[in-house]
Structures are given as C-alpha cells and as structure tokens.
Amino acid sequence: MKIYMPDREWPEHYRAVLDELAKITDPITGGDIIDSGVVAGLEVTEDTLKVWLNFESHAEYNMTGESAIAYSKIIGDIIERFALVKFENVYVFDLKNNPVGVFENRGRYRAEDLGGG
C-alpha cells in the first residue's frame, strides 16, 4: 500500500486513479474523498485496485451518527466507478485492513467487451 500524501509524486497509473477518486463526493463534508482525507492509501496494478479508507480521521463522522451511511455510499461509489470499467478486481479496506467492499470479476466480461465503456 502506498500511503496517500497530497504532495507525493505519483506514477501515471496512480494519478489516473486519484483523479477519478477526486470525483467521488464525501457525503459528510461535501468535498471530494481525496481532499476530505477519506483516502488513506492505495495500491494500483494492471487489473486490481485496492483502496484504504480513513473515516475516523474526521470528527464529523462520529458526531453526526451518519458514518455508516457515508461509509456505505463511498464504498459503493468506488466499486461502481472502477469495477469492470477500469479494473477486474476492486478491494476497499478500513485502516485495520478489513475488507469492507470487494468486487472480483472471476471470469465475467469487462464493460468494453459488452460494447460499454
């Protein structure tokens, strides 16, 4: 896992993923999940994306009681944006390395094979 730091020099394939992640809105802060500090780290290979999320870094999640809804929405948005369209496998983890969102292709078709994306 590469720890996310805004000033880090990122390889191009990581930069493309970070640009897409920046389009996902954090429902609690209203900003994107990169600027909100939700993305703690990531690992990008040719066919697999792994993202580690840091929800506990913001007091808003604990104070509003909406953490479960926000957590679920962000995980769903990540998987929807990347699964099959860009990666065969997408894994989302919490900071304890527990998988909280998993998509594995397991031989199904990619979107471009079906005339999509």
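Everything here concerns the structure above.
To keep things clear, this report deals only with the structure shown in the data block.

Rules of the game
Residues numbered from 1 in each chain as written. Predicted model: local features only at pLDDT ≥ 70, side-chain atom pairs only at ≥ 80, totals over all residues. Heavy atoms only, no water. Buried < 20%, exposed > 50% of the residue type's maximum accessible area, 1.4 Å probe, protein only. Helix = DSSP H or I, 4+ residues; strand = E, 2+ residues; numbered from the N terminus. Pairing = 2+ DSSP bridges. Contact = heavy atoms within 4.5 Å. Axes fitted to C-alpha atoms, helices over the stretch in contact; angles between N-to-C directions. Core = buried A, V, L, I, M, F, W, Y, C linked by side-chain atoms within 4.5 Å.

Counted residue by residue, strand E2 (residues 39–44) has five buried out of six residues, so it is predominantly covered. As paired elements, strand E1 (residues 2–3) and E2 share two bridges and run antiparallel to each other. By the bridge assignment, isoleucine 3 is partnered in E2 with glycine 41. Of the pairings in the sheet, the one linking E2 to strand E3 (residues 48–53) comprises five bridges and is antiparallel in character. Across the sheet, glycine 41 pairs through a bridge with tryptophan 52, a residue of E3. What sits between the antiparallel neighbours E2 and E3 is a turn of three residues.

With respect to the helices and strands, alanine 22 occurs in the loop between helix H1 (12–21) and E2. Alanine 22 gets classed as partly exposed once you look at its relative accessible area, which sits at 33%. Expressed as a C-alpha distance, the spacing of alanine 22 and aspartate 35, which sit 13 residues apart in the sequence, is 7.6 Å. Those residues in contact with alanine 22 that lie beyond four places of it in its chain are Asp32 and Ile34.

Bringing the sheet that holds E3 into the picture now. On the basis of which strands lie adjacent, the open sheet formed by five strands has the order E1-E2-E3-E4-E5 and mixed pairing. At either margin of the open sheet sits one strand with a lone partner, and together these are E1 and strand E5 (99–104). Bridging between strand E4 (residues 89–93) and E5 involves five bridges; their strand directions are antiparallel. Bridging across to E5, phenylalanine 93 finds its partner in proline 99. Its contacts with the sheet place H1 against E1, E2 and E3, and it is angled at close to 135° to E2.

With that out of the way, let us pick up the nonpolar core. Counting 26 residues, the largest nonpolar core has Leu21, Val39, Leu53, Ile78 and Val90 as its most contacted members. Mapped onto this core, the elements with two or more residues apiece are H1, E2, E3, helix H3 (67–82) and E4. A per-element tally of this core places H3 first, with five residues. Apart from the residues within four sequence positions on either side, valine 39 is in contact with Tyr4, Leu21, Ile33, Ile34, Val51, Trp52 and Leu53.

The values are spatial; any link to function lies outside them.
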